Every structure is written in C-alpha cells, then in structure tokens.
Amino acid sequence: MYTLAILYPGYSAEDEFPALEQLIPETSFRVIHTWEGSTDHDVDALLTLGSRANLVPSAERARKLSPDAAMWACTSGSFVYGREGCREQAGWIEEAAGVPSSSTSLAFAEAVHHLGLDRVAVAATYPEEVAAHFVQLLEEDGITVTALSTYDVPSGEDAGRLDAEWVLETARAADLTGAQCLLIPDTALHTIAVLPRLEEALGVPVLTANQVTAWQALRLAGHPAAAEGLGALFSR
C-alpha cells in the first residue's frame, strides 16, 4: 500500500482523491486541509495560501501519517511563487513531512516533459493576471504556451461547483493550434471522471490538476504511476 499525503486548501474537489483510490490499486490518498478560509483567485491571497507559515504545520501533520510522499495540491498557490519559489515550497514540505515532496505546478511541468512534449495550450479558471504566473512558470521550464484562455472564476469554491459539461465545453473551446496537449489547472476543479472524454474529444493528451498531483505523488513514492482511465499521462 502506498500512502500519499495531499496538502489541500479549502473544500472544493478533494473528493477526487478517494475517487483516484478506486482507479489506482493499493493507494491511499490522505487529504490534509491546509486552509479553512476562502480560496480567492487573487495573487495576494494566493501568496498567503502558499506561505511557509501555512504549509509547514500541515506538512508536520502529514508526517504523523507515515506517508511515502507529500504534495502541495494547489496550482495557483504554488505558481504565484515562481519556478524557484515552487521548489522552495516543496523543500519546506519535504523537511517538515520527512518524505519526498512537490507541488501541482511542478507536477504539470514534469508531466509535460514526461510525455515528451514542449508546446501546450492552457485553459484556466483564473483571471488572466493570475494565469499569467502559470504561463511564466511553464516557460521558465522550457515549455511554450501556444494559447491561454481564462475564465475569471472568483475562487476555488466557485470552481468546485462547475460540472463536467463545463470542463468539456471549456476544453473544446481551447485554441489548440500548434499545441501538443491541453493543460487545465486548478485542483478545485472536478476533472478526474471526465478525463477519457476530454482526450477523446480533443485528440491530444489532457493534463489536469488533480491528475498530475496524484501522478507526481506516486512517482515520488516509487509507484509506476500507471492506471486505466486516467489519460495518456498514466499510460506511459
């Protein structure tokens, strides 16, 4: 059994992790809520969300679970710190949890490289000024963002109320000209159940926040990160 500690802010789509347990045998995704307040898609609020003062106590709680790996399961609360800041965050968590650690933003970049790709389109729930930080992080990692679409969803709580049809429509509306895959960030968005339909509809790999978070957690834990029904990322 692989135990993965998922440091998750607020209450939006944390139910995706029990769903992942049903798709990936011998895994236990233990969700630790790092934040009880609102998760506004605002740069200053996100910097607070991903601060050392907020993450370290949660990582210390994770340590008591004896996990095999730990993840900061928040895209916007990591990418607002930039590429090097994300690595610092992962270091805070790793030191406090005592196991290999990373974050959703770093996992997105790792997943793109794992698929052997370097040109992506992004469809983001965030306002454009927030999403621009994600684009910058990807480009600092050698990944070209061919197109960015943003949807001004005010908070994680609002994103958590969006349904599968919204995700599908958003994906279909993305400009994939010159892109090798589509990235849909935001761990507050429910995407796991709709992954096969997304890739079938678009004809390219699709990477979503909770998917890449789980994938990176498993890899850090020494798991092969292969499973049916979770898209191209889990089949390679």
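In the block above lies the structure referred to throughout.
Computed from a predicted model, the values in this text were never measured in an experiment.

Trainee: Got a sec to walk through unusual backbone geometry? Specific residues and values, please.
Mentor: Not every positive phi belongs to a glycine, and Ser66 is a case in point at roughly 55°. In this structure, Ser66 sits in the loop between α3 (52–63) and β3 (69–72). A relative accessible area of 57% places Ser66 in the exposed class. At Asp186, a residue that is not glycine, the phi angle is positive and equals roughly 105°. Mapped onto the secondary structure, Asp186 falls in the loop between β7 (181–184) and α10 (195–202).

Trainee: Residues and numbers for helix α5 (residues 82–97), please.
Mentor: Taking 1.5 Å per residue as the helical rise, α5 with its 16 residues ought to reach 22 Å, and the 22 Å between its terminal C-alpha atoms agrees with that figure. The complete set of buried residues in α5 reads Gly85, Cys86, Gln89, Ala90, Trp92, Ile93, Ala96 and Ala97. Buried residues of α5, seen end-on, are gathered within an arc of 155° and therefore sit on one face of the element. Just past α5, the residue Gly98 takes up positive phi, approximately 75°.

Trainee: Requested: an account of the environment of Ala19, with residues and values cited.
Mentor: Here Ala19 shows up in helix α1 (residues 16–23). The class for Ala19 is partly exposed, based on a relative accessible area of 33%. Between the C-alpha atoms of Ala19 and Ala193, which are 174 residues apart in sequence, the distance is 8.4 Å.

Trainee: Please set out the sheet that holds β7 residue by residue, giving values where relevant.
Mentor: Ordered by their spatial adjacency, four strands build an open sheet running β6-β5-β7-β8, and the pairing between neighbours is parallel. Each having just a single partner strand, β6 (144–150) and β8 (206–208) make up the two edges of the open sheet. Across the sheet, the mean angle from the axis of one strand to that of its neighbour is 20°, orientation sign disregarded. As judged from the six bridges shared by strand β5 (residues 119–124) and β6, these two strands associate in the parallel manner. Across the sheet, residue Ala121 finds its bridge partner in β6, namely Ala147.

Trainee: Describe helix α7 (residues 128–140), listing the residues and the values that go with them.
Mentor: For α7, built from 13 residues, the straight-helix expectation of 18 Å at 1.5 Å per residue is met to within 8% by its first-to-last C-alpha distance of 18 Å. Gly142 occupies a position one or two residues after α7 and carries a positive phi of about 80°.

Trainee: Got a sec to walk through the pairing of β5? Specific residues and values, please.
Mentor: Counting buried residues in β5 gives five out of six residues, a clear majority hidden from the surface. The parallel pair β5 and β6 is bridged by α7, and the resulting crossover is right-handed.

What counts, and at which threshold
- Residues numbered from 1 in each chain as written.
- Predicted model: local features only at pLDDT ≥ 70, side-chain atom pairs only at ≥ 80, totals over all residues.
- Heavy atoms only, no water.
- Helix = DSSP H or I, 4+ residues; strand = E, 2+ residues; numbered from the N terminus.
- Buried < 20%, exposed > 50% of the residue type's maximum accessible area, 1.4 Å probe, protein only.
- Expected span 1.5 Å × (residues − 1).
- Arc of directions from axis to C-beta.
- Pairing = 2+ DSSP bridges.
- Axes fitted to C-alpha atoms, helices over the stretch in contact; angles between N-to-C directions.
- Right-handed = clockwise from strand over helix to strand, strands pointing away.

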